[in-house]
Amino acid sequence: MNKHETTNKTIPTARSKTKDIVRQSLKKRYNRERRFKWHGQAAIAVALLLLLILFFSISGKGYTAFQQTMMSLDVYLDPEILDPEGSRDPAVLARGDYGGIVKATMRRMFPEVTGRQDKRALYALVSSGASFMLHDKVMENPALVGQRVSVWVPADDEVDMLMKGHVSRDVSEADRRLSDQQLVWIDQLVTEGRIQKQFNTAFFTAGDSRDPELSGIRGALTGSLITLVITLMLSFPVGVATAVYLEEFAPRNRWTDVIEVNINNLAAVPSIVFGLLGLAVFINFLGFPRSAPLVGGLVLTLMTLPTIIIASRAALKSVPPSIREAALGVGASPMQTILFHVLPLAMPGMLTGTIIGMAQALGETAPLLMIGMVAFIVDVPSGIYDPSTALPVQIFLWADSPERAFVERTSAAIMVLLAFLISMNAVSVFLRKRFERRW
Amino acid sequence: MDSIVNPTNIPAVHTTSISDVVKDRSDVVSRENRSTVGETIVEDPRISCLDVNVYYGEKPAIRQVGLEIARNQVIAMIGPSGCGKSSFLRCLNRMNDTIPACQVTGKILMDGQDINGKGIDTVLLRAEVGMVFQKPNPFPKSIWENVAFGPRIHGLAQTKKELDEIVEKSLIQAGLWDEVKDRLNQPGTGLSGGQQQRLCIARAIAVNPEVILMDEPCSALDPIATAKIEELIDKLRLDYTICVVTHSMQQAARISQRTAFFHLGDLIEVGETKQIFTKPLHHLTEDYITGRFG
Amino acid sequence: MQAQFLMGVLTLMSVAAYYFGRRRAVFMVGGKIRDLHSLPSYYGFYAAMWCGIPALLVFMLWMGFESSIISYLVVDALPQDQRTLSPDRLNLVLNDIKNLVNGNIVSREIDTALRAAADRYIRLQNIIRAALSVAVLVLAAGAGSWTLTRIKARQRARNAVERLITIILIVCSSIAILTTLGIVFSVLFESVRFFQAVPVADFLFGMSWSPQTAIRADQVGSSGAFGAVPLFVGTLLISLIAMLVAVPIGLRSAIYLSEYASPRFRTVVKPLIEILAGIPTVVYGFFSSLTVAPFIRDTGGLLGLDVASESALAAGLVMGIMIIPFISSLSDDVINAVPQSLRDGAYALGATRSETVRRVIIPAALPGIVGGILLAVSRAIGETMIVVMAAGLAANLTVNPLKAVTTVTVQIVTLLTGDQEFDSPKTLAAFALGLLLFGVTLILNVIALHVVRKYREQYE
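Computed from a prediction, not measured in an experiment: that's the story for all the values here.

1. As for the interface of chain C and chain A
The interface is formed by 78 residues belonging to chain C together with 75 residues belonging to chain A. For the pair chain C and chain A, the summed buried area comes to about 6,600 Å², and 77% of that belongs to carbon and sulfur atoms. Counting every contact that joins chain C to chain A gives one salt bridge. A salt bridge links Arg29 of chain A to Glu355 of chain C, with the nearest nitrogen and oxygen atoms 2.8 Å apart. The interface formed by chain C and chain A contains 17 residue pairs in polar contact (both at pLDDT 80 or more). Ranked by residue count, the leading element in the side of chain C that touches chain A is helix H6 (residues 157-197) of chain C, at 17 residues.

Take a look at the structure:
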């Protein structure tokens, strides 16, 4: 009891001192706390702001590409020019001077233009694609020859840029691609209702072109699609098989350890290195054609395999052992247990991982550059050996082009690519939510 | 056994303890729907709890607990698992704040102030009410750093020397000094379980708290380490008010002066440890200590 | 077309084998399936397997080597003067022949020799393909019917099928190993050839990089310079800028999300930040070259600074944005793995949240965070599209972030895209750079993954 007394006397003073110190420090500490919390909020705000800037800068530049300035021409398909002999032979019609017809039409619209320089400036208003359109129209229906037809043809990309407000009229004539004279003609055509902005179908139906107003993403999109189908067909079965083996059958030994470490490492190898592999092995050693979706698909398969394997293993791990025990207990072989009982339950998780891997593959560019899927290809590919490009590579190519009009097309192509990626991710999120199971 | 029938028949109230919170404290005994029997109030309490409820979401973990904790004593909370004894303990330094879905109502008075009240700062409160957990949880730092952690964040020492003194004093008090004085720079996680737990006690007392809460401090330890901790608790009682949650009745009997028995979220009975273990007033207490359930 | 037709026939034959195998098994026991060792369908699979798989293997093996075999035969029949050309010239000739065969544009005039070679190529191809078709179909039919005759009631068809499936599984899982080996050998093989022309020390420690070798030996700068130090410095500079952007922002958002944010805030914001990780790098490259770089150049101009239009700063900043979610989600995982008991311990001592984070959680999570940062560095070093589009081509040896620098990956892309002769040091240099890139990132990855794994085991 005596000891009680002494401690009770000394401790309280020490304690009230402690309490005072703590109380005094509180303000400073809470300020620091607020600052720290604010830093976190600021970091998140910055990250989200950057995301926002990215999206706005892309879509702000790109949305105009979904419209295209078109020009209405009343064309006289002069038989004198197209078919002087009157044979209506398709071979002759195919060689006709449609460019000349377009020019004649333009001259008729502006009869006052006489000088050579001026005429050339006038012809420049309409896209070079106009003559191809006329060609296709006539080849489709040769009876049109000799008639007057009214057609909408794309205007030149400079006119397009002007109509969309990407080019300012205020700068001096020397700094502009369009001369003052051309602006007058354009204004006249606009008041006549002969120049209009219409939905840009060519963007979705055409392949690449040197002329921005004629270029589209169909070729690239098809190339991406073929590549992705090959990737999916190879990487999904192989990835799932690997995951099943490693997770369910493989003995735990050095060899499987090596495979495991190796897969984790492959997931972090720079994608361009896979491109080097593709170039050295598939193209130079095995002699596969360059620029082919087949090679692209093979390279992307090797690249996405680790993602799919890791996701599939996680999915297999999440199937409770009781399922396996139950199946084994009624006499199923280990293989039957896995194939018929465990695998179906793990499938949603595997599919989720696969979709994420496919999304990665869809956006991948660098390895495709290595295997030559970076060429200028106008035609839409139709097979796995056809030279082709892919959507992200098309974006890369267009981003490199000097024409002002390709900027909006690049941005628009990015919007299409992002739309695909977002919907793929949305599907995977949906799958995860829909089949999420709590055991 | 009359008291079971008539729960208001409670032994004499110490009128001297009634302070400025007298009205609130009378509540402790006068509530009609209370099921607690025994001596819930004490003379000059360190902590007084009135009608404390803890909810996890919609689910109540403890209901209407009224209890006073005396100075320089060890009070043991016993009861079957899930009875709410740990939830109650965590109210005393507002550790329940860290669990998002957890809600605490009622009053817990310390120095005449409700610690759940608006003006109360958890930092200050926790500096006064230390805590030791079920599993030893030394920080992954050196032994010295572990003990110096509290004094450092609170700024209790101006110089390294002062800090060294606090560390040494706390380790001596925790009975660990002789075992670790030569390896203060080694990681605290490298000690044995019992040593780790004593390190955690040293860490708690380095802040110089008034109350130490211990949540089953020996449940992860072997018998020898347990004996050491129990010895330590008995010694610490001279300087601190100690609340120990334990699932071991023997331990409660060995180390505590008072015992509170919880059952399914209710505080069933409180009293002198000797009385609880020899002459329990409530039949549930009796059933529990005689091992009929638990 | 022919190949697809062959595959179709092969599939049909396998289906038929399945059908007959199953029927034969049932027939052998007179319809009493109970007497069979395995379910009837296993006998079907057994027959189908033997019918399809060997034939398929032969087919694939052949397709892999067809081109080189035909080329060899065609070269053998070329006129004497062309056969003795240097290997790369010969390759050009061969390319012309192949282009002619495929109806593509040919790089030179078509002469009779070329035409003859192309005809020979087509003829050989036709003969070989026909022979292949016959061989594959005969093999499929033979193996299939031989298996059918072997089906007996007590035969362990299920075991046979399962053994084969196991083998397939093993083959699939060894593809990962083969990929690594393929990478190592393809870059190593070409690198060795490069290092025969350029000494290793010159490559690793040379201070000047200008791979444009002249075609004729007497031209200026004919030798080219392959000192990769400017590339290393450029790569590290851009990666450093990226990490300076990504680590603070990523780490702080991870801390906020895991320690401060309400669950609802977290479920909304975390996926939003992770969108940044899902954006293809080519998009970042475009963003950098079109928005960020001009912005930085103009801002620098206002401040009187001379900023290159392809400054390292622009590329690094944008790469940093790309890496933010990488750091934040890895750190988030790591911070969440810190046991709650440590937080409780700190709070119970009266630590504020930030004190707990700074003095307990971060030190405890440090190994994991460092591992994550190492992985991010490896990703920054190997990142290609952003730097190809936003960094420069000229190999300036500078650490000034306002100047244009080039990186290892940029050089690999420039050296290997466009027309190239395959054996020049210029193209081989790309593989040497690739070897280096693979080696460095591999080391970083191995260390990082090891650190992270050890860290996880510590708290499991």
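Text resumes after the structure shown.
2. Quick word on the environment of Leu94 of chain C
All names here are of chain C. One can find Leu94 in helix H4 (residues 87-102). By relative accessible area, which is 12% here, Leu94 ends up buried. For the pair Leu94 and Gly278, spaced 184 residues apart in sequence, the C-alpha separation works out to 42 Å. Here Leu94 is in contact with Ser71 and Val75, once residues within four sequence places are set aside.

3. Observations concerning the pairing of strand S8 (residues 211-215) of chain B
Walk down a regular strand and you will see the side chains alternate between the two sheet faces. All names here are of chain B. Of all five residues making up S8, five are buried, and the element is well covered by its neighbours. Burial along S8 is two-sided: the residues Val211, Leu213 and Asp215 and Ile212 and Met214 are all buried. Here S8 runs beside strand S9 (residues 241-245); their pairing, made up of five bridges, is parallel. If you follow Val211 over to S9, its bridge partner there is Thr241. Considered for its hand, the β-α-β crossover made up of S8, helix H9 (residues 223-236) and S9 is right-handed.

4. Digging into the sheet that holds strand S2 (residues 148-154) of chain A
Residue and element names in this part refer to chain A. Strand order in this open sheet of three strands is S2-S1-S3, and the pairing throughout is antiparallel. Each end of this open sheet is capped by a strand with a single partner; those strands are S2 and strand S3 (195-199). In this sheet, adjacent strand axes meet at a mean angle of 40° when their direction is disregarded. With seven bridges connecting them, strand S1 (residues 67-76) and S2 associate as antiparallel partners. Within S2, the residue paired with Leu73 across the bridge is Val151. The strands that helix H6 (residues 129-140) touches are S1 and S2; relative to S2, the one it contacts most, it runs at about 135°.

Conventions we followed
Residues numbered from 1 in each chain as written. Chains lettered and ligands numbered in written order. Predicted model: local features only at pLDDT ≥ 70, side-chain atom pairs only at ≥ 80, totals over all residues. Heavy atoms only, no water. Contact = heavy atoms within 4.5 Å. Buried area = accessible area lost by both parts, 1.4 Å probe. Salt bridge = Lys/Arg side-chain N within 4 Å of Asp/Glu carboxyl O. Polar contact = N/O pair within 3.5 Å; in protein donor to acceptor, adjacent residues only side chain to side chain. Helix = DSSP H or I, 4+ residues; strand = E, 2+ residues; numbered from the N terminus. Buried < 20%, exposed > 50% of the residue type's maximum accessible area, 1.4 Å probe, protein only. Pairing = 2+ DSSP bridges. Right-handed = clockwise from strand over helix to strand, strands pointing away. Axes fitted to C-alpha atoms, helices over the stretch in contact; angles between N-to-C directions.

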